[in-house]
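Residues per chain, in single letters:
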Amino acid sequence: MNTALRAALAAALTLLAAPAFAQTAPASLPPQRPMGPPPTPTWSLTVGVAPILAPAWQGSRDYALSVFPDIRVTYKDVAFASVQEGFGWNAINRDGWKIGPIARLRFGRRESTGGSPFLITGGSDALRGFGNIPLAVEFGGFAQYSPTRRLALRAEVRRGTGGHEGVVAEPSIRFADRAGPFRYSLALRSTFASARYTQVYFGVSPEQAARAGLPAYRTDGGLVSAGVGGTFTRPLGKRGQHGAVTLLAGYDRLGDAAADSTLIRERGRRDQFTLGLSYGYRFTWK
């Protein structure tokens, strides 16, 4: 295990030890599970849609509009599945702790537009010569600690298969509360990854360099990005009987593991902004 990867894992474990929370779907989407008491319904299904304006690919200076499906299923406060938060099981769920396995999808990247399969308009031609990156599935585990109903400290560590075979660690802190009929949240987040991940998304192989006209570059592991995201949700109708609308925004800055690449230095940008809107309708049953 190289030094950068050890540092990434150490950062995640440090967050977990606190005594007192690609193209993937944007992390700014509203949290899938409330941080308060377990919900009363046995099952819940949320179906929605989320138009997102964001960089065409992580690190891009060009923006694109994508429409992500927002589909979420929960079973009590035990298991969950959603496009943006993956598939997981709260194997341990007591005293403010939630710990268990998780699997996430990391959608592919298209050489022609730079975007994910959900891209509607816009895009980037900066990746021509790099080839497509297929879908990756990441398997791992998570741990979350909520010292209060409003605060959650969380960390995930996952290893990819398919599009990449690197290790990804994501520590985050989320605060959520209500203001009258509105709900809002604020999250600080970061992503660390091994060189086997960063080379796929930010490296420039000799073959890619020859096709794309860029200097070759081999990446190291370390900090990929760090940033902040927020959501502001308005339930529609009494107790949200007509669904809910959420405004979301985020800012992330690429770390040296990504930004030092010749791809980012010559064709990209470290500062990444996201803005979007989502609507979802929730069904519940016993």
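Before reading further, recall that the structure is shown in the block above.
Residues numbered from 1 in each chain as written. Predicted model: local features only at pLDDT ≥ 70, side-chain atom pairs only at ≥ 80, totals over all residues. Heavy atoms only, no water.

Trainee: In this structure, what is going on with the packing of aromatic side chains? I would like to understand it.
Mentor: Aromatic rings considered in pairs are described by the distance between their centres and by the relative angle of their planes. On inspection of all chains with the given rule, the structure shows eleven aromatic pairs. Look at Trp-97 and Tyr-145: their rings are 4.8 Å apart centre to centre, the planes differ by 35°, and that puts the pair in the tilted class. Taken together, the positions of Trp-97 in strand 6 (residues 97-106) and Tyr-145 in strand 8 (residues 136-145) put the pair 48 residues apart, joining distant regions of the chain. Residue Trp-97 is classed as partly exposed on the basis of its relative accessible area, which comes to 26%. Ring plane angle 65° and centroid distance 4.9 Å describe the contact between Tyr-281 and Phe-283, whose orientation is recorded as edge-to-face. Looking at Phe-283, the relative accessible area reads 41%, which means it is partly exposed. Put simply, the rings of Trp-43, Tyr-75 and Trp-285 touch in pairs and so form one group of aromatic residues. (Phe/Tyr/Trp six-rings, centres within 6.5 Å; stacked < 30°, edge-to-face > 60°. Helix = DSSP H or I, 4+ residues; strand = E, 2+ residues; numbered from the N terminus. Buried < 20%, exposed > 50% of the residue type's maximum accessible area, 1.4 Å probe, protein only.)

Trainee: What exactly am I supposed to notice about the pattern of salt bridges here?
Mentor: It is possible for side chains bearing opposite charge to pair when their charged atoms get close. Tallying each qualifying case throughout the model produces 13 salt bridges. As a salt-bridge pair, Glu-156 and Arg-154 come within 3.2 Å of each other at their nearest N and O atoms. Take Arg-154: its relative accessible area is 7%, and that puts it in the buried class. The shortest N-O distance in the salt bridge between Arg-158 and Glu-170 comes to 3.1 Å. Taken together, the positions of Arg-158 in strand 9 (residues 151-162) and Glu-170 in strand 10 (residues 167-179) put the pair twelve residues apart, joining distant regions of the chain. What emerges from the salt-bridge pattern is a single network uniting Arg-104, Arg-106, Glu-138, Arg-154, Glu-156, Arg-158 and Glu-170. (Salt bridge = Lys/Arg side-chain N within 4 Å of Asp/Glu carboxyl O.)

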